[in-house]
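# Results of the structural survey
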Amino acid sequence: MTEPAVASSIGHIPAGKWEFDPSVTSVFDDMIARSIPDYASMREVVESLAARFGADGGTLLDLGCSTGLSIHAFLNRAKRIVGVEISESMLDVVREKFASFGTVEILPLDLRTAFPDVHDVDVTLAVFTLQFIPVEHRRRVVRSVFESLRPGGAFILAEKVIGDSAVSQSAFVELYHAFKQRQGYSREEVDRKALALEGRLVANTAHENVSMLQAAGFRDVECVWRWVNFAAWVAVK
């Protein structure tokens, strides 16, 4: 399966509060590649670990599958892939993209109120998804992930994080905004997106995410990738 050409996100400025609407969906793949530092390395780590813990030949659950980048990586490799998404425009894209693949199931679902009825999962992914779920719902979602995994299965979580102190957080923001400008975004684009995301993207500290994973029951939790204010963990049941 060949991926279509990716539209540029340069010049995209949110009109108001952040929404995963058609304007974002149309440039999403470019936007996330430009906006996540060391993005290619992060995806390589996530996909390699997913394969190591059973996604090759097993069941993969992708929470917040967006346009299906992780699903595409495991086509013809996983026995079953279940993608969960809430954005209607993302659902349109991902359904069309994988309509001819019988191993792929796409579910329209709001993780604030429900969790997919999938069991004995080998690997669950949440790649920059939990940060958009209100904090009061996250522990329940992570506990549901734990319960749906087979023993020895893995949850791979990637998130934006905040610093443990105001001093470190200020440094993180400064470094991150400078990074985004080096990717081609104007200062106005950087500032407008940050404003649009206020209240929509609510990040935890890295320590809070580890504690949440451990409280859900995961016995082994390891940070496997980090760039300043972005991090990924693998948690094994």
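Before any of the text, the structure's been laid out above.
Bear in mind that the values here come from a model prediction, so they are computed numbers and not experimental data.

When its secondary structure is counted, the protein shows 9 helices and 8 strands. Here the C-alpha atoms of the protein give a radius of gyration of 17 Å, agreeing with the 18 Å that 2.2 N^0.38 yields for 237 residues. Put simply, the protein has 25 plus and 31 minus side-chain charges, and the middle of one group is 3 Å from the middle of the other.

Turning our eyes to something else, we now look at the pairing of strand β8 (residues 230–236). β8 sits mainly inside the fold: 7 of its 7 residues count as buried. Burial of β8 is two-sided: the residues F230, A232, V234 and V236 facing one way and the residues A231, W233 and A235 facing the other way are all buried. Where strand β5 (residues 149–162) lies against β8, 7 bridges are found, and the strand directions are antiparallel. If you follow K160 over to β8, its bridge partner there is F230. Strand direction decides the pairing type here: strand β7 (residues 220–227) and β8, joined by 7 bridges, are antiparallel. Note on β8: the bridge partner recorded for D220 is V236.

Overall, the coordinates contain 11 salt bridges when judged by the stated rule. The salt bridge involving E105 is made with R80; its shortest N-O contact spans 3.2 Å. A residue pair is termed long-range when its members are at least 10 positions apart, and E105 in strand β3 (residues 104–108) and R80 in strand β2 (residues 80–85) qualify at 25 residues. Judged by relative accessible area, which is 33%, E105 ranks as partly exposed. Judged by relative accessible area, which is 33%, R80 ranks as partly exposed. Two residues, D191 and R187, come together in a salt bridge whose shortest N-O distance is 3.2 Å.

Right, let's get into the packing of aromatic side chains. Going through the model one piece at a time under the given rule, you end up with 10 aromatic pairs. Relative to F20, the ring of W18 lies with its centre 5.9 Å away and its plane at 85°, an arrangement referred to as edge-to-face. Residue classification places W18 among the buried positions, given a relative accessible area of 5%. By relative accessible area, which is 29% here, F20 ends up partly exposed. Grouped by ring-pair contacts, the aromatic residues F128, Y176, F179, W227 and F230 constitute a single cluster.

The next thing to look at is the pairing of strand β1 (residues 59–63). Most of β1 is tucked away, with 5 of its 5 residues classed as buried. Side-chain alternation along β1 places T59, L61 and L63 on one buried face and L60 and D62 on a second face that is also buried. Here β1 pairs with β2 via 5 bridges, running parallel. Directly across from D62, in β2, lies its bridge partner G83. Strand direction decides the pairing type here: β1 and strand β4 (residues 121–127), joined by 3 bridges, are parallel. The residue of β4 that forms the bridge with D62 is L125.

Right, let's talk about the environment of A15 for a bit. Checked against the element boundaries, A15 lands in the segment before α1 (22–25). Classification of A15 by relative accessible area gives exposed; the value is 87%. Once the C-alpha coordinates of A15 and A203 are considered, the two residues, 188 residues apart in sequence, prove to be 22 Å apart.

Across the chain, the bulk of peptide bonds are trans and the bulk of non-glycine residues have phi less than zero. Although it is not a glycine, D120 adopts a positive phi angle of roughly 55°. With respect to the element layout, D120 can be found in the loop between β3 and β4. Even without a glycine there, the phi angle at V228 is positive, about 50°.

Nonpolar side chains in soluble globular proteins tend to be buried together. Grouped together as the largest cluster of nonpolar side chains are 48 residues, with contacts concentrated most on I71, F74, V123, L125, F128 and I156. Top element by residues in this core is helix α3 (residues 39–52). It accounts for 5 residues. Apart from residues no more than four positions distant in its own chain, I71 is found in contact with D62, C65, I81, G83, V94, F98, V104 and I106. Ranked by size, the runner-up nonpolar core spans 30 residues in total, among them L63, F115, V121 and L149.

Calculation rules
Residues numbered from 1 in each chain as written. Predicted model: local features only at pLDDT ≥ 70, side-chain atom pairs only at ≥ 80, totals over all residues. Heavy atoms only, no water. Helix = DSSP H or I, 4+ residues; strand = E, 2+ residues; numbered from the N terminus. Rg over C-alpha atoms; globule rule 2.2 N^0.38 Å. Lys, Arg positive; Asp, Glu negative; His and termini not counted. Charge placed at Lys NZ, Arg CZ, Asp CG, Glu CD. Buried < 20%, exposed > 50% of the residue type's maximum accessible area, 1.4 Å probe, protein only. Pairing = 2+ DSSP bridges. Salt bridge = Lys/Arg side-chain N within 4 Å of Asp/Glu carboxyl O. Phe/Tyr/Trp six-rings, centres within 6.5 Å; stacked < 30°, edge-to-face > 60°. Core = buried A, V, L, I, M, F, W, Y, C linked by side-chain atoms within 4.5 Å. Contact = heavy atoms within 4.5 Å.

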